[in-house]
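Letter by letter, the chains look like this.
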Amino acid sequence: MIFKIARKELTEIVREGRFRITAITLFALLLAALFVSKSYYTSVNAQHSEAKKNVRSEWMEQGQKNPHSAAHYGTYAFKPKYPLSLIDNGVDKYTGVSIYLEAHKRNEAQYAAAQDQTALSRFGDLTPDFVLIFIVPLFIILIGFNAFTRERESGTLRLLKSQGVSTWKLTMGKWLGLFLPVLFIAIPVYVLAALFLANIKDYGQFSLWALTLLFGVYLIYYAVFINITLFVSSLFKKSNVAFVTLLGIWMVSCLAMPKISTAIADKLYPYPTQVEFEEQIAVDKKKGLDGHNPWNTEAKKLEEETLKKYGVDSVQQLPFNWDGFLMQEGEKHTADIYFKHYQLLKDTYVNQTNVYRSTAALSPFLPTRFLSMAICRTDYTSHWDFANAAENYRIELVGKMNGDMAANSKYGDWDYLADDKLWSSVPDFQYEPASYTTVIRQNTSNLITLLAWLLLSFAALYGAVTKMKTI
Amino acid sequence: MLNHTIKYEWLNLLRDRWVMILLILFLGITVFAVRNGKEKVEDRMATITKEKEKMGKLDRKMAADIDSLNKNLKPAPEAWKDPRALDNIGWNAPRVVAMDAQPLAVISTGQSDLFTHYAKPKIYGEAYTLGFSELSNPVQLLFGSFDLAFVCIYLLPLLVLGFSYNVLSSEKESGVLRLTLAQPISLYQWLLGKLLLRFFILTIIVVVSILISLTIFDIDWLGNRGAATKLILLVTVYIFFWFLISFLINLLGNLSGSNAVTLIAVWVVFVLLIPSIISQTANSFYPVPSRTIMIHEYREAKALAEKKADEILKTYYREHPEYAPKDTTQQNQYSWWLGNFAASDVINQSVQPVLDDYNEALNKQQSWVNRLRFLSPAILLQDGLNDLAGTSPAHYTDFRNQVIAFADTWRHYFIPRMFNNEKMQAEDFGELPTHSYSSAQVPSHYPADLMGLLFFLTLTVAGSMWVYRRNSFENVLSV
């Protein structure tokens, strides 16, 4: 019975001009989005690998230098772009692409694409996720808002009841009638995306499993919207009212809620400004050991302690270059300060994330958005992970430079030069993103919220249709 | 006769609870939006004020220290702490170069969440390294702010459509239309009259809500009547455009349900699809020049220049100012700094072409993309509102240039004095160069945006006349 009803619904939907036009438009949009994203992805990746090659050769060919000067010269870490970013570009537009790694200083990622683009980019881009997350739910509303109201308006609901069809079976039929068209559009897109991704040279981290998981998340999201659509349609007598109500729900959950949550998160846990953040770090740095400042009180204290430890009475007599040692100690100290302040910043970010997680109870859009970005590795957590890896690499690099200076040169000998033997002993920056198990673990709450939405919306639909009046 | 129908329509609307609901709903949304905008602007201005106060306090402390040092009331500190040394002032007491909020900044967040609003350029360091990005959670940037611009661009059209989608169809569905059209009356005029009436009511609701919200949050719109009028004009034209779209769809003579669906489709196309398609294709056809390649070129040019500068100075002197000769008995106590400036001048001059080339390419790309805004009224409104709020990309580019220019002024205040081996005096603090922000240099997009919107109005009017001519009365009346 359910399938008969589903077939009837499908035939009816397909016969309607409204469906054909919107389905074709939707499909065309998704295809266009995939193609445009692919070309963008390829060009960004080409730039990325060129840049990586460049910085490595810059580092290797910097010539003879004092190791500490080399640490100041530094290098760059470039954020890799993952294949699935082709589907969902997440926050990548708003996070920088490169981090300058130098002595004494942890830098923020620079050059977020949004900063170089005009305000137009704030409308969002036509990427697959834009269509998948904003437009497909509208499509569901468009084809389903009158699923029950139409029957009621024309009096067929009563007829159906008199035939002895259970309302739940009727509902399931209508449910399938909405879900199948969505599936018809989603499956080709899924297959195409898989083919695209598999054909990208050097596809690195791509796994079919992740793509499948991503589509699974979207299908749950659509199921929630189908439930809501049918629920609303079963409540009202008039199609017009059902349509306007559903549109309101779509607007609140997809457009307004993300912005309202942002306003709340920002109000409760504001980020410091860039200058404030830097000044807090500068204050802590001033209090402690300054590797470049032999007159600093902390440095004097360390000097006394070290001299005592080695049983000598001047830094010249130490078995290593005091300058290099002092600088490395200072480096450790500043690294700790950066760690502390970035940890504080991370706390703020975690608090903000928790705000989004709680408002997700009011909008199925939010958990889907976060899950989608996380699976595509374009969420903020991925960015943090990369920035931390870059910082660890920086500490290692600077440590190696200072260590070489301390071991191989004499105190006050700033003319000591190292060469490419030392430069090549520093491995190239390699970044491995977090495993999917970690990603899933980090997003358990989003997954649970989304599943709760699915179950609760099913329950609401069930409750509504069993009590549904036929007139 | 027409007057008659309009009068009854007016009475009808007054008794309808719709108008009341609309007024309360819209007022609520607007108040929330302006509150969000106000919060951001207040934060922005508070940090600027705090920075300026901190600067003033430091100035007074340093002036007092200089005074007591000159009067030998205090032992002379180490050279690198001495407030009388000009390099210490240039490095430790930078001026705050701030971008003050425009009076109507609350209406649109624009690009203000991406960039900082103040910088403290120091005597040393390159303009290139002056960071302008603001620290923020990118998720917030992705979701955007709930500001008045969002309300006007996205929500307002939906209100218009909800208020007007069934003006003709409901009369047709209830059979009144046949009766009305039996009167000596033109369908076009009658429908236009009905919609114009609704347009006036909604516009009044919107304008009153905006003005009330601005007043609640203490925005002096009366004092900035020019900008406020421009805001209202822009929003009114946008509302009118959506009423005309509704008029056009109504004229097609379809049923209410079908009208609603069509109008929503139009909204999706103009507000969601066209902007995102343009944004995405603009990036493909006019790609933003690559920053990663620019970094490489910059570093190559810099490395080359540094080798040249080595002839002037040993590298570590530049990187380690604290190792500069501390001996002040020699002729000029600033000789190290002066040498350093010379070296960094050599470097800056050689990397400048790389930066100039990049900026030129970026400007060209942006001006291409800017022209694409004429393809959607939503983009035009966004651009116009950012322009009025002073939060457009052009405003931030201009501010960056002001900071870079001021960094130069700051350095050139000290250089001649350093050559003269002068010392800082307490009274000199009043003479330090200061920066006052002005957005006068930013070319205004507003007139072009307004013209663009008016062009869309004309197109819709022409479209509706064409539809009216083609569609026979019978067509409209048949169900």
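Residues numbered from 1 in each chain as written. Chains lettered and ligands numbered in written order. Predicted model: local features only at pLDDT ≥ 70, side-chain atom pairs only at ≥ 80, totals over all residues.

Q: How should the packing of helix α1 (residues 2-15) of chain A against helix α8 (residues 167-199) of chain A be read in this particular structure?
A: In a packed pair of helices, the relevant descriptors are the angle between the two axes and the axis-to-axis distance. All names here are of chain A. Look at α1 against α8: their axes get within 7 Å of each other, and the N-to-C directions meet at 45°. Comparing the axis directions of α1 and α8 gives the class oblique. Like other packed secondary-structure pairs, α1 and α8 cross with a definite hand, here right-handed. In this structure, α1 uses Ile2, Ile5, Ala6, Glu9, Leu10 and Ile13 to contact α8, whose residues at the interface are Lys169, Leu170, Met172, Gly173, Lys174, Leu176, Gly177, Leu180 and Pro181. Per-class residue counts for the contact of α1 with α8 are 10 nonpolar, 2 polar and 3 charged. (Axes fitted to C-alpha atoms, helices over the stretch in contact; angles between N-to-C directions. Helix = DSSP H or I, 4+ residues; strand = E, 2+ residues; numbered from the N terminus. Parallel < 35°, antiparallel > 145°, perpendicular 65-115°, else oblique. Left-handed = near helix turned anticlockwise from the far one by under 90°. Contact = placed C-beta atoms within 7 Å. Nonpolar A, V, L, I, M, F, W, Y, C, P; charged D, E, K, R; others polar.)

Q: Looking at this structure, I do not really get the interface of chain A and chain B. What am I missing?
A: For an interface, size is often stated in terms of accessible area lost upon the parts coming together. At the interface, 72 residues of chain A touch 70 residues of chain B. Those elements that place two or more of their residues in the side of chain A that touches chain B are α2 (17-60), α3 (67-73), β1 (75-78), α4 (113-116), α5 (128-144), α10 (239-268), α11 (274-287) and α13 (322-359) of chain A. Sorting elements by how many residues they give to the side of chain A that touches chain B places α10 of chain A first, with 16 residues. Along the lines of polarity and charge, the residues of the side of chain A that touches chain B split into 39 nonpolar, 24 polar and 9 charged.

Q: Help me out: how do you make sense of the pairing of strand β2 (residues 98-102) of chain A in this one?
A: Along any regular strand the residues' side chains alternate between the sheet's two faces. Residues and elements named next belong to chain A. With 4 of 5 residues buried, β2 is to be regarded as a mostly interior element. Inspection of the sheet shows β1 paired to β2 by 4 bridges, in the antiparallel sense. Each bridged residue has a counterpart across the sheet, and for Thr75 the counterpart in β2 is Leu101. Inspection of the sheet shows β2 paired to strand β3 (residues 105-106) by 2 bridges, in the antiparallel sense. Within β3, the position partnered with Leu101 by the bridge is Arg106. Hairpin connection from β2 to β3: 2 residues lie between these consecutive antiparallel strands, with His104 at a positive phi of about 70°. (Buried ≥ 20, exposed ≤ 12 C-beta atoms within 10 Å, placed from the backbone. Pairing = 2+ DSSP bridges.)

Q: Even after reading the chapter, I still don't get the packing of α10 of chain A against helix α10 (residues 256-285) of chain B, so can you show me in this structure?
A: It is at 9 Å that the axes of α10 of chain A and α10 of chain B come closest, and there the two elements cross at 20°. Classed by the angle they form, the pair α10 of chain A and α10 of chain B counts as roughly parallel. Here α10 of chain A and α10 of chain B pass one another in a crossing that is left-handed. In this structure, α10 of chain A uses Ser239, Asn240, Phe243 and Leu247 of chain A to contact α10 of chain B, whose residues at the interface are Ser256, Gly257, Ala260 and Ile264 of chain B. Taken together, the residues of the contact of α10 of chain A with α10 of chain B sort by class into 4 nonpolar, 4 polar and no charged.

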